[in-house]
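Structure assessment
For reference, the chains in residue letters:
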Amino acid sequence: MRKKLLAGNWKMNKGIKDLAPFFKDFGGEIGLSSGSSPLNKVDVLFAVPFLQLAEARKITAGTGIRIAAQNVHFEASGAFTGEISVSMLKEIGVDATLIGHSERRQYFGETDTTVMKKVQMCLDNGVTPIICIGETKEERQSGVTNEVLSRQVSAVLEVIAHPEQVIFAYEPVWAIGTGLTATNEQAQEAHAFIRSLLTKKYQDEAQKVQILYGGSANPANIDGLLQQPDIDGGLVGGASLKPADFATMVKAALKLS
Ligand code: 13P
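All of the points below concern the structure found in this document. Here the residue numbers are simple positions, counted from 1 along each chain's written sequence. Local features in this predicted model are restricted to residues of pLDDT 70 or higher, and side-chain atom pairs are both shown and tallied only at a pLDDT of 80 or more, whereas totals for entire chains, interfaces and linings draw on every residue. Computation of side-chain values covers all heavy atoms of the structure but excludes hydrogens and water.

Section: the overall build of the protein
Here a strand is any run of E in DSSP of at least two residues, a helix any run of H or I of at least four, and the numbering for each starts at the N terminus. Secondary structure assignment for the protein yields 10 helices and 8 strands. Radius of gyration: over C-alpha atoms. The globule rule applied is 2.2 Å multiplied by the number of residues raised to the 0.38 power. For the protein, the C-alpha radius of gyration of 17 Å lies close to 18 Å, the compact-globule estimate for 257 residues. For the protein, the spread of C-alpha atoms along the principal axes amounts to about 45 × 45 × 35 Å. The contacts in the protein between residues at least 6 apart in sequence include a share of 73% that link residues at least 24 apart. Accessible surface, the protein: about 11500 Å² in total, of which carbon and sulfur atoms supply 52%. The charge count treats Lys and Arg as positive and Asp and Glu as negative. His and the chain ends do not count. Each charge is placed at NZ for Lys, CZ for Arg, CG for Asp and CD for Glu. The average position of the 26 basic charges and that of the 28 acidic charges among the side chains of the protein differ by 4 Å. Residue contacts are counted whenever heavy atoms from the two residues lie within 4.5 Å of one another. Each accessible area is a Shrake-Rupley estimate made with a 1.4 Å probe; only the visible protein chains count as cover when residues are assessed.

Let's talk about the packing of helix 1 (residues 16–30) against helix 10 (residues 243–255)
Interaxial angles span 0 to 180 degrees and are taken between N-to-C directions of axes, which are lines fitted to C-alpha atoms, for helices over the stretch in contact. For the pair helix 1 and helix 10, interaxial distance at closest approach is 9 Å and the crossing angle is 35 degrees. In this structure, helix 1 crosses over helix 10, and the sense of that crossing is right-handed. Residues F22, D25, F26, E29 and I30 of helix 1 form the contact with helix 10, whose participating residues are P243, A244, F246, A247, V250 and K251. Under this grouping Gly is polar, as are all residues other than the nonpolar Ala, Val, Leu, Ile, Met, Phe, Trp, Tyr, Cys and Pro and the charged Asp, Glu, Lys and Arg. Split by residue class, the contact of helix 1 with helix 10 holds 8 nonpolar, no polar and 3 charged. Handedness of a crossing follows from how the near helix is turned relative to the far one, being left-handed for an anticlockwise turn of less than a right angle and right-handed for a clockwise one.

Focus on the sheet that holds strand 5 (residues 128–133)
Pairs of strands are assigned from DSSP output, requiring at least two bridges between the strands. Strand order in the open sheet formed by 8 strands is 3-2-1-8-7-6-5-4, with parallel pairing between adjacent strands. The two strands at the open ends of the sheet, each matched to only one other strand, are strand 3 (66–68) and strand 4 (96–99). The mean angle between the axes of side-by-side strands here comes to 25 degrees, regardless of whether they run parallel or antiparallel. Two elements, strand 4 and strand 5, share 4 bridges in a ladder whose sense is parallel. Looking across to strand 5, one finds that A96 is bridged to T128.

With respect to the state of the cysteines
Linking two cysteines covalently via their sulfur atoms produces the bond known as a disulfide. By convention in this document, the label disulfide applies to cysteine sulfur atom pairs within 2.5 Å. Enumeration over the complete set of coordinates arrives at 0 disulfides. The cysteine C122 is free of any disulfide, with C132 supplying the nearest cysteine sulfur at 12 Å. By relative accessible area, which is 0% here, C122 ends up buried. Judged by its relative accessible area of 2%, C132 is buried. Each residue is placed in one exposure class: buried if its accessible area under a 1.4 Å probe, protein chains only, is under 20% of its type's maximum, exposed if it is over 50%, and partly exposed if it falls in between.

Some words on the site of the ligand
Residues in contact with the ligand amount to 13 residues; listed here are only the nearest, K11, H101, G177, S216 and G238. Between the ligand and the protein, one listed contact pairs an oxygen atom with a side-chain N or O atom of E171 at 2.9 Å. Backbone polar atom of S216 to an oxygen atom of the ligand: 2.7 Å apart, as the coordinates give it. If the ligand stood free it would expose 310 Å²; the protein chains cover 95% of that surface. In this analysis the probe radius is 1.4 Å and the grid spacing 1 Å, with only protein atoms considered; a cavity is a set of points the probe fits into but cannot get out of, a pocket is an open set with protein on both sides within 12 Å along at least five of seven lines, and lining residues have an atom within 4 Å of a point. Throughout, a molecule is located in a cavity or pocket provided that more than half of its atoms lie within 2 Å of its grid points. Using a 2 Å cut-off from the grid points, one finds that the ligand occupies the second largest pocket. Looking at the shell around the ligand residue by residue, the classes come out as 4 nonpolar, 7 polar and 2 charged. One heavy atom within 4 Å of a molecule or strand is enough for the residue carrying it to be called near that molecule or strand. For the purposes of these results, a polar contact is taken to be a pair of N or O atoms within 3.5 Å, where, inside protein, one atom must be able to donate a hydrogen and its partner to accept one; residues adjacent in sequence count only when each atom of the pair is a side-chain atom.

Looking at the nonpolar core
We define the nonpolar core as a collection of buried residues of types Ala, Val, Leu, Ile, Met, Phe, Trp, Tyr and Cys that are connected through side-chain atoms lying within 4.5 Å of one another. Formed by 69 residues in total, the largest nonpolar core has its most connected members in F26, F46, I160, F168 and L198. Setting aside residues up to four positions removed in sequence, I160 forms contacts with V119, L123, I131, V166, F168, K201 and Y202. In terms of nonpolar packing, the next biggest core, distinct from the first, is built from 13 residues, A7, A96, I130 and L235 among them.

Considering the packing of helix 7 (residues 145–157) against helix 8 (residues 184–202)
Helix 8 packs onto helix 7 with a crossing angle of 40 degrees between their chain directions and a minimal axis gap of 10 Å. Judged by the inter-axis angle, helix 7 sits oblique to helix 8. Relative to helix 8, helix 7 is oriented so that their crossing is right-handed. Where helix 7 approaches helix 8, its residues N146, L149, S150, V153 and L157 are matched on the opposing element by A190, F193, I194, L197, L198, K201 and Y202. Partitioning the contact of helix 7 with helix 8 into residue classes produces 9 nonpolar, 2 polar and 1 charged. An angle below 35 degrees is read as roughly parallel, one above 145 as roughly antiparallel, one from 65 to 115 as roughly perpendicular, and any other as oblique.

If you want it as structure tokens, here you go:
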């Protein structure tokens, strides 16, 4: 059985001073310090702003909580003012990053090609890419959701030898930060479709890939989402900023594990 993964995406929120109180509260809520760690059963990750990565790693050391970046550049080094390379992440022990979040596609010119190059850079250096894909409202309304997902997935397949080296996040753009969530059925349908694309190339190995749902996932709707056979967890924005809310979501995953 695939392990569930609850991943928080803090986006451009929180500062270094917020880290210790957040992780103290969150750890208390999920019972991190008591006996056997709940994180043996469920994976928990936070994608935090670059400047918070080192401190977040320090504070969560030994807890099993994984700290990830939200982006990385596709070149190894060079004249790319304002960018961060994979080796810089690795230097501080960060071994995972979001790639191709829709906000990066929408506001910062991320394309299927840059996403592919970033995934390749990550895999060449032992960093886990969490590859974000999903359709816009217009695309869903005009019935091209599967075409969009196919295009986004096939853009990265050529650089992925073994699919369990990556994590996918299905994030319908119309559900991000809007309070609108895909229904359990809509989400399951998209996840099953994504897995079918992976199965075509990797056969049984596709069963090992964690595919997360993102888009207004919250304590009230996470149970139903996590019960879907192809939904292996959540990539959570707003609700991951509040320790109690995110802990409730982790506990929902623990109940099913
Ligand atoms: P919200 O949970 O705030 O809708 O954000 C989802 C998201 O973009 C996670 O990457």
